Amino acid sequence: MNTPHVVVVMGVSGTGKTTIGHLLAARLGVPYAEGDDLHPPANIAKMSAGTPLTDDDRWPWLDAIGDWAHGRAGLGGVVSCSALKRSYRDRLRAAAPGVVFVHLTGDRALVEGRMSHRQGHFMPAALLDSQFATLQPLEPDEAGVAVDVTGSPEEISGRAAAALDALPEPTP
Ligand SMILES: Nc1ncnc2c1ncn2[C@@H]1O[C@H](COP(=O)(O)OP(=O)(O)OP(=O)(O)O)[C@@H](O)[C@H]1O
Ligand SMILES: O=C(O)[C@H](O)[C@@H](O)[C@H](O)[C@H](O)CO
C-alpha cells in the first residue's frame, strides 16, 4: 500500500472504537480523531439523557467527521464514528471519497459487559438496543473490513491493520 488510508472505525457504542482507533492510528503512523468530540453539544446531552439520536441529529456530526476525513485525504488518518447506517457511510464517502471502514463487530453480551465497566462516559448501556437495531453492516460494495472484537486491544488492532493491508489501493 502506497497511499495511506483514511479509516473510519465504526460499530455500535462500546465495541472499542476509541480503544482500537488509537492503537490502529499508532500502528499506521497517522493521526487519530475522536468522533465523539465532534458531536454538537445537544447530541451529547441527548445521549446522556438516554435518548437515541435521530438522523437529523446525526447529519451535522457526520459532516464534521467527513470534513476531517477529507482533510486527511492522501495523508492518512483514523477517526471513530459509529456510522451505523449505509446512508451515514454514503454521506462520509461523499465528503471523503477514498475513506475505508473498519467495522468492529461483537455480540451484545460482550459489548454490554465492556460498557458496564467503563467509567465516566456519557453513553448509557441502555442505548445499546437502539444501537444494534439501527446498525446496518457494511455491504459488499463498500470499501472496508469487519473485525471481531474478541481478544485484547493489541490483537484486534493487529487484525484490523492486516485486513486493511490486504485491501486494494484507495481511489482518491
Ligand atoms: N479488546 C478489549 N478488551 C477489553 N476491554 C476493552 C477492549 N476494547 C475496549 N475495551 C473497553 O471497553 C469499553 C468500551 O470501549 P471504547 O470506549 O473504546 O468503545 P467505543 O466504541 O469507543 O464506545 P463509544 O462509542 O460509546 O464511545 C472501554 O471501557 C474499553 O476500555
Ligand atoms: O450514532 C450514534 O448513536 C452516536 O453518535 C453514538 O454511537 C456515539 O457517538 C458513540 O458511539 C457513543 O459514545
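The rules behind the values
Residues numbered from 1 in each chain as written. Chains lettered and ligands numbered in written order. Predicted model: local features only at pLDDT ≥ 70, side-chain atom pairs only at ≥ 80, totals over all residues. Heavy atoms only, no water. UniProt positions renumbered as here; feature names shortened; annotations may be inferred. Helix = DSSP H or I, 4+ residues; strand = E, 2+ residues; numbered from the N terminus. Rg over C-alpha atoms; globule rule 2.2 N^0.38 Å. Buried < 20%, exposed > 50% of the residue type's maximum accessible area, 1.4 Å probe, protein only. Areas by Shrake-Rupley, 256 points an atom, 1.4 Å probe, with all protein chains shown as cover. Lys, Arg positive; Asp, Glu negative; His and termini not counted. Charge placed at Lys NZ, Arg CZ, Asp CG, Glu CD. Phe/Tyr/Trp six-rings, centres within 6.5 Å; stacked < 30°, edge-to-face > 60°. Near = heavy atom within 4 Å. Polar contact = N/O pair within 3.5 Å; in protein donor to acceptor, adjacent residues only side chain to side chain. 1 Å grid on protein atoms, 1.4 Å probe; cavity = no way out; pocket = protein on both sides within 12 Å on 5 of 7 lines; lining within 4 Å. Sits in = over half its atoms within 2 Å of the grid points. Salt bridge = Lys/Arg side-chain N within 4 Å of Asp/Glu carboxyl O.

Looking at an unreviewed UniProt entry, one finds the protein chain named Gluconokinase, with Streptomyces pimonensis as its source organism. Quoted verbatim from the Sequence similarities (unreviewed entry) field of UniProt, the annotation for the protein chain is "Belongs to the gluconokinase GntK/GntV family." Listed in UniProt under the heading Pathway (unreviewed entry), the comment for the protein chain reads: "Carbohydrate acid metabolism."

*Asks:* Quick question: what am I supposed to make of the overall build of the protein chain here?
*Replies:* Tallying secondary structure elements over the protein chain gives seven helices and five strands in all. Taken against the 2.2 N^0.38 rule, which gives 16 Å for 172 residues, the C-alpha radius of gyration of the protein chain at 15 Å falls within 12% of a compact globule. Taking the principal axes of the C-alpha coordinates as reference, the protein chain spans close to 45 × 35 × 30 Å. Per-residue burial over the protein chain gives 42% buried out of 172 residues. Total accessible area on the protein chain is roughly 7900 Å²; 56% of this is exposed by carbon and sulfur atoms. For the protein chain, the distance from the average position of its 14 positive side-chain charges to the average position of its 20 negative side-chain charges is 2 Å.

*Asks:* Would you mind going over the packing of aromatic side chains with me for this structure?
*Replies:* The geometry of an aromatic ring pair comes down to the distance between the two centres and the angle between the two planes. According to the stated counting rule, one finds one aromatic pair in the structure shown. Consider the rings of Trp-59 and Tyr-88, whose centres lie 5.5 Å apart with planes at 90 degrees: the pair is edge-to-face. A residue pair is termed long-range when its members are at least 10 positions apart, and Trp-59 in helix α3 (residues 55–71) and Tyr-88 in helix α4 (residues 86–95) qualify at 29 residues.

*Asks:* Would you explain the site of ligand 2 in this entry?
*Replies:* Contacts to ligand 2 come from 13 residues, most closely from Asp-36, His-39, Arg-58, Ser-82 and Gln-131. His-39 is positioned such that a nitrogen or oxygen atom in its side chain is 2.9 Å from an oxygen atom of ligand 2. Taking 330 Å² as the accessible area of ligand 2 by itself, protein coverage stands at 97%. Among the detected pockets, ligand 2 sits in the largest pocket.

*Asks:* Just to check I follow, could you spell out the pattern of salt bridges for this structure?
*Replies:* Pairing is possible between side chains of opposite charge, provided their charged atoms come close. Tallied over the full model, the rule gives 13 salt bridges. Across the salt bridge formed by Lys-85 and Asp-55, the nearest N and O atoms sit 2.8 Å from each other. On the criterion of sequence distance, the pair formed by Lys-85 in the loop between β3 (77–80) and α4 and Asp-55 in helix α3 is long-range, its members being 30 residues apart. Here Glu-112 and Arg-108 are joined by a salt bridge, their closest N and O atoms 3.2 Å apart. Taken together, the residues Glu-112 and Arg-108, both in helix α5 (residues 108–116) and four residues apart, mark about one turn of the helix. Since its relative accessible area comes to 28%, Arg-108 is described here as partly exposed.

*Asks:* Hey, could you run me through the site of ligand 1 in this one?
*Replies:* The environment of ligand 1 is formed by 17 residues, the closest being Ser-13, Lys-17, Thr-18, Thr-19 and Arg-118. Take Gly-16: an N or O atom from its main chain is 3.0 Å from an oxygen atom of ligand 1. Here a nitrogen atom of ligand 1 sits 3.5 Å away from a polar atom, N or O, in the side chain of Arg-114. Taken by itself ligand 1 offers 630 Å² of open surface, and the protein chains cover 79% of this. Under a 2 Å grid-point criterion requiring more than half of the atoms, the pocket assigned to ligand 1 is the largest pocket.

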